[in-house]
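# Structural features, examined
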Amino acid sequence: ILVAASGNQGTAGSPLEYPAAYNGVIGVGSVDEDYGISYFSTRNSSVDVVAPGGSVFSLMTNNRYGIGSGTSYATPYVAALAGMALSYDSNLSASEFEQFLKKTSTDLGTTGYDYTYGSGLINYEAFMSDLTSGSFCDVPSDCWYESAVYEMSDAKIVEGRSRYIFDPENTTTRAEFVTMLARLSGDNIDQYNGTSHFTDVSSGSW
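Given the structure is predicted, the values throughout are model-derived calculations rather than measurements.

Along its 12 residues, helix H5 (residues 174-185) runs 17 Å from first to last C-alpha, staying within 8% of the 16 Å computed at 1.5 Å per residue. Taken together, the buried positions of H5 are Glu176, Thr179, Met180 and Ala182. Taken down its axis, H5 places every buried residue within 165 degrees of arc, on the same side. Turned more than 90 degrees from where H5 packs its buried face, Arg174, Val178 and Leu184 sit exposed. Residues of H5 that are buried make contact with helix H4 (146-154). Of the residues trailing H5, Gly186 is marked for its positive phi of about 90 degrees.

Take a look at the structure:
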């Protein structure tokens, strides 16, 4: 999981800065204590989320404490959340982490993603709640099919692609559809281990 400050060029044209602008790197912008965007925070496509970065009480050089501001002060909040997530599940992928992060962030500014706030202000409570409750990171909250996804998952009719990926936009194959029907019927499908009379279904196929 790679996290980087998006930059402090909000008043200087907001040029892309690296590594935050690379694909696969989570770029972090800054908000002040009133949740408004910090005047210095860069606004461009590299901003994925925002975190507190204005007047942050922090460790400084020369063995002292002090107050500082910048997207570099906001970035550690996201890095800390990554550490929390990996301490819960060390197999969590970078992509899954990023999807959970964006899904659970509190939307600010223009509805949906925007260059100023990205996907919104990170939300520790919502993130860890989703991660630990068995939620799918690619099923948006309050989408029209959300309840159906979890009803089918809880009933073990559809298990998803992985622990955290449901892949709701994927096309269902014949084999998957037949398996869902079999599970819905209540039959013990484990008993069907014999040779099939269908020429396009091998005896060992699931």
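This model, assessed by the stated rule, comprises 10 aromatic pairs. Each ring, one from Phe100 and one from Phe127, has its centre 6.1 Å from the other, and the planes form 70 degrees; the classification is edge-to-face. Taken together, the residues Phe100 in helix H2 (residues 94-104) and Phe127 in helix H3 (residues 124-132) connect sequence positions 27 residues apart. Here Phe100 falls in the buried class, since its relative accessible area comes to 0%. The exposure class of Phe127 is buried, given its relative accessible area of 0%.

What counts as what
Residues numbered from 1 in each chain as written. Predicted model: local features only at pLDDT ≥ 70, side-chain atom pairs only at ≥ 80, totals over all residues. Heavy atoms only, no water. Helix = DSSP H or I, 4+ residues; strand = E, 2+ residues; numbered from the N terminus. Expected span 1.5 Å × (residues − 1). Buried < 20%, exposed > 50% of the residue type's maximum accessible area, 1.4 Å probe, protein only. Arc of directions from axis to C-beta. Contact = heavy atoms within 4.5 Å. Phe/Tyr/Trp six-rings, centres within 6.5 Å; stacked < 30°, edge-to-face > 60°.

From the geometry alone we can't say anything about function, so treat these as descriptive.
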